[in-house]
Amino acid sequence: MAGATFREQDYPCFEALNARSGSSARPFTVLYWFVVDGREKSFTASPRAILIVRRLVRMDASERAIVRTRAGDILGELDSL
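Residues numbered from 1 in each chain as written. Predicted model: local features only at pLDDT ≥ 70, side-chain atom pairs only at ≥ 80, totals over all residues. Heavy atoms only, no water.

(A) How the structure looks around the packing of helix H2 (residues 27-38) against helix H4 (residues 50-58). Two numbers describe how H2 lies on H4: the axes approach to 10 Å, and their chain directions differ by 95°. Classed by the angle they form, the pair H2 and H4 counts as roughly perpendicular. Touching Tyr32, Trp33, Val36 and Asp37 of H2 are Ile52, Arg55 and Leu56, all from H4. Residues of the contact of H2 with H4, tallied by class, amount to five nonpolar, no polar and two charged. (Axes fitted to C-alpha atoms, helices over the stretch in contact; angles between N-to-C directions. Helix = DSSP H or I, 4+ residues; strand = E, 2+ residues; numbered from the N terminus. Parallel < 35°, antiparallel > 145°, perpendicular 65-115°, else oblique. Contact = heavy atoms within 4.5 Å. Nonpolar A, V, L, I, M, F, W, Y, C, P; charged D, E, K, R; others polar.)

In C-alpha cells form, the structure reads like this:
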C-alpha cells in the first residue's frame with residue numbers, strides 16, 4: 001500500500017494502548033508500570049532507565065494507586081487462565 005498513512009481513528013483500540021491505568025488499560029501496560037513503581041529506586045540508579053522513572057513521577061498518586069490495585073487484580077487472576 002504505497003502512500004498509506006497511519007491514522008489513530010483507524011484503530012479503535014489506539015487509546016487503550018496509551019492508557020496506563022483503569023479498565024481500558026492493557027494488562028501488560030498495567031503490570032509494566034506496577035514493576036516500575038515497585039522498583040523505582042533501582043530504576044533511578046540506572047542512567048538508561050531515568051526516562052522511565054521521570055514518566056512514573058509525573059503520574060499522580062491516585063493513578064499510581066489505581067495501577068497497583070489493577071495489577072493486584074491481574075496477578076490474582078493468573079491461576080484462572
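(B) How the structure looks around the packing of H2 against helix H5 (residues 61-76). The N-to-C vectors of H2 and H5 enclose an angle of 115°; their axes lie 9 Å apart at closest approach. Two packed elements cross with a definite hand, and for H2 against H5 that hand is left-handed. Along its contact with H2, which presents Pro27, Val30, Leu31, Trp33, Phe34 and Asp37, the element H5 presents Arg64, Val67, Arg68, Arg70, Ala71, Ile74 and Leu75. When its residues are assigned to classes, the contact of H2 with H5 shows nine nonpolar, no polar and four charged. (Left-handed = near helix turned anticlockwise from the far one by under 90°.)

(C) Here's a closer look at the nonpolar core. Ala19, Ala25, Val30, Trp33, Val36, Leu56, Met59, Val67, Ala71 and Ile74 form the largest nonpolar core, which has 10 residues in total. Sorting the residues of this core by element identifies H2 and H5 as the ones contributing at least two each. Setting aside residues up to four positions removed in sequence, Ala71 forms contacts with Val30, Leu31 and Phe34. (Core = buried A, V, L, I, M, F, W, Y, C linked by side-chain atoms within 4.5 Å. Buried < 20%, exposed > 50% of the residue type's maximum accessible area, 1.4 Å probe, protein only.)

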